[in-house]
Amino acid sequence: MKKAATRTTKTLFSLISFLVIIIIVFFSRSVLARVTASGLDKNPPGKKSGILSSPDKPNQAKEHFQKGVEYTQSNQVDLAIKEYRTALELDPNFIMAHVNLGMSHIQKKEFDAAVRELHKAIQINPKLTLAHLNLWWAYRQQGKYDEGIAELKKVIALDPNDTNAYLNLGNSYLSDKKMAPEAIQAYLDGLAKGNETAEIHQKIGKAYEINRQFDKAIEHFHLAIGTDRNNLYTYLFLYVTLEKSKRKLEAAETLRNGLAAFKTRSLLADSSYTDIAHLMECLLGTYSEKDLLSIKNPVIICQVHYYLGMSYFFQNKRKEAIQHLQQAIETQMNIISEYEYAKIELEQIQGQK
């Protein structure tokens, strides 16, 4: 999210290739690990399948695994599954074949099958954080939030410096469990590991905002801007918080500051940040909502509906706010933050009398 290659571009790539490692999206990002030929030698030492009577079988298993990777890269999931299964017939202890097969089942929304394969990988190597990470995502899609959180805690126990694991943990606490204080603490624990980014301050800020601790939220959004002033999403998050705290003039000024940052960086003008700039202009009343909603990018459309929904809410237009938040959720872009925030906000608005 730091350069002209925006998080939207990255997200779309991950949807096509299914090969981007879990970051937070919240979920701003894909949940599937990067799998390449380098995974071929990931079998733990000393683990040998009882059926490997021929020295050719390990090589044959690797060949089928590599074919599976190629099919995964071209989004031919059924063919990838077939190749991974063949690799496992040749070598049942081929750990990365279990992981990739599990991730392929996730892509097909076959979460029970995904859980089974990922558990097999963990049985072979309980310290494989990649398997625990993807198991968290599979559990999450099943609504088994406690089980998913337990997997993230295992990742942290194995690698206490994995900042992304803390971010994912915070995401699950905030979106799945509606436990804002626990989410804040998880994010702060990640920040304490020393990897300060605009994104981690965004996460902390949003959690404080949802917990109605607006001053602390604003503080972290300003820290995010200080870390990367060209990240337009920070200005949008700050805009929402300022509107919630009844500071409308500052909210509008924040959007203008974001647009100024956009216009002073020529590289950003050639990126999908152009659509986000139009969103800011629309919120300021200087760009057509109809034109904004004509965007074809599904990730941007989800984000657009979230922010339009919040804008209508701030104008006391509850019906329109609910409609846009529902449309954000209907995009099913569950790998980006605004999808999750739309669910939280819709629940809160519908719960109000």
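Residues numbered from 1 in each chain as written. Predicted model: local features only at pLDDT ≥ 70, side-chain atom pairs only at ≥ 80, totals over all residues. Heavy atoms only, no water.

Participant: Would you explain the overall build of the protein chain in this entry?
Facilitator: Scanning the protein chain from N- to C-terminus turns up 19 helices and zero strands. Residue burial in the protein chain is summarised as follows: out of 353 residues, 56% are buried. Put simply, 59% of the contacts in the protein chain that link residues at least 6 apart link residues at least 24 apart. Summing over all exposed atoms, the protein chain offers an accessible surface of approximately 15,500 Å²; the carbon and sulfur share of this is 50%. (Helix = DSSP H or I, 4+ residues; strand = E, 2+ residues; numbered from the N terminus. Buried < 20%, exposed > 50% of the residue type's maximum accessible area, 1.4 Å probe, protein only. Contact = heavy atoms within 4.5 Å. Areas by Shrake-Rupley, 256 points an atom, 1.4 Å probe, with all protein chains shown as cover.)

Participant: Help me understand helix α3 (residues 77-90) in this model?
Facilitator: Given 3.6 residues per helical turn, the α-helix brings residues three or four places apart onto the same face. Here α3 spans 20 Å end to end across 14 residues, near enough to the 20 Å set by a 1.5 Å rise per residue. V77, A80, I81, E83, Y84, A87, L88 and L90 are the residues of α3 that are buried. Buried positions along α3 lie against α2 (56-73), α4 (95-107) and α5 (111-124). (Expected span 1.5 Å × (residues − 1).)

Participant: What exactly am I supposed to notice about the confidence of the model for the protein chain here?
Facilitator: Close inspection of predicted coordinates is inappropriate in any region flagged by low pLDDT. Averaged over every residue, the pLDDT of the protein chain is 86; residues scoring 70 or more account for 82%. Contacts of residues 1-53 to residues separated by more than four positions or lying in other chains number 175 contacts, the stretch itself having pLDDT below 50. (pLDDT = per-residue confidence, 0-100.)

Participant: Whenever I open this one, the packing of aromatic side chains confuses me. Can you help?
Facilitator: Ring pairs (aromatic) are described by centroid distance and by the angle formed between their planes. Throughout the structure, instances matching the rule amount to ten aromatic pairs. Residues Y306 and Y341 carry aromatic rings whose centres are separated by 6.3 Å and whose planes lie at 45 degrees to one another, so their mutual orientation is tilted. On the criterion of sequence distance, the pair formed by Y306 in helix α17 (residues 298-314) and Y341 in helix α19 (residues 337-351) is long-range, its members being 35 residues apart. For the pair shown, Y306 and Y341 are each scored as buried. Each residue in the set F221, F237, Y306, Y307 and Y341 is aromatic and connected to the rest through ring pairs, giving one cluster. Above the plane of the ring of Y341 lies K206, whose end atom (NZ or CZ) is 4.7 Å from the centre. (Phe/Tyr/Trp six-rings, centres within 6.5 Å; stacked < 30°, edge-to-face > 60°. Lys NZ or Arg CZ within 6 Å of the ring centre and 35° of its normal.)

Participant: Whenever I open this one, the environment of K153 confuses me. Can you help?
Facilitator: One can find K153 in helix α7 (residues 145-158). For K153, a relative accessible area of 45% puts it in the partly exposed group. Placed 21 residues apart in sequence, K153 and H132 show a C-alpha to C-alpha distance of 9.3 Å.

Participant: When you look at the environment of L308 in this model, what are you seeing that I'm missing?
Facilitator: When you line up the elements, L308 lands in helix α17. L308 sits 16 residues away from H324 along the chain, and the two C-alpha atoms are 6.5 Å apart. Those residues in contact with L308, other than ones at most four positions away along the chain, are C282, L283, E289, L292, L293 and H324.

Participant: Sorry, what's going on with the nonpolar core here?
Facilitator: One recurring pattern in soluble globular proteins: nonpolar side chains tend to sit buried together. Counting 105 residues, the largest nonpolar core has V99, L174, L236 and Y306 as its most contacted members. For this core, the element with the most residues is α17, which contributes ten residues. Sequence-distant contacts of L236, defined by excluding residues within four places in its chain, comprise L255, I276, L279, M280, L283 and Y307. (Core = buried A, V, L, I, M, F, W, Y, C linked by side-chain atoms within 4.5 Å.)

Participant: Where do I start with the pattern of salt bridges in this structure?
Facilitator: Side-chain pairs of opposite charge can arise where the charged atoms are in close proximity. Considering all chains together, one arrives at 15 salt bridges under this definition. Here R247 makes a salt bridge to E250, at a shortest N to O gap of 2.9 Å. On the basis of relative accessibility, which here comes to 28%, the residue R247 falls in the partly exposed class. Overall, E250 belongs to the partly exposed group, its relative accessible area being 39%. Salt-bridge contacts for E340 lead to K343; the nearest nitrogen and oxygen are separated by 3.3 Å. Here the residue E340 and the residue K343 both occupy positions in helix α19, the gap between them amounting to three residues, near one helical turn. (Salt bridge = Lys/Arg side-chain N within 4 Å of Asp/Glu carboxyl O.)

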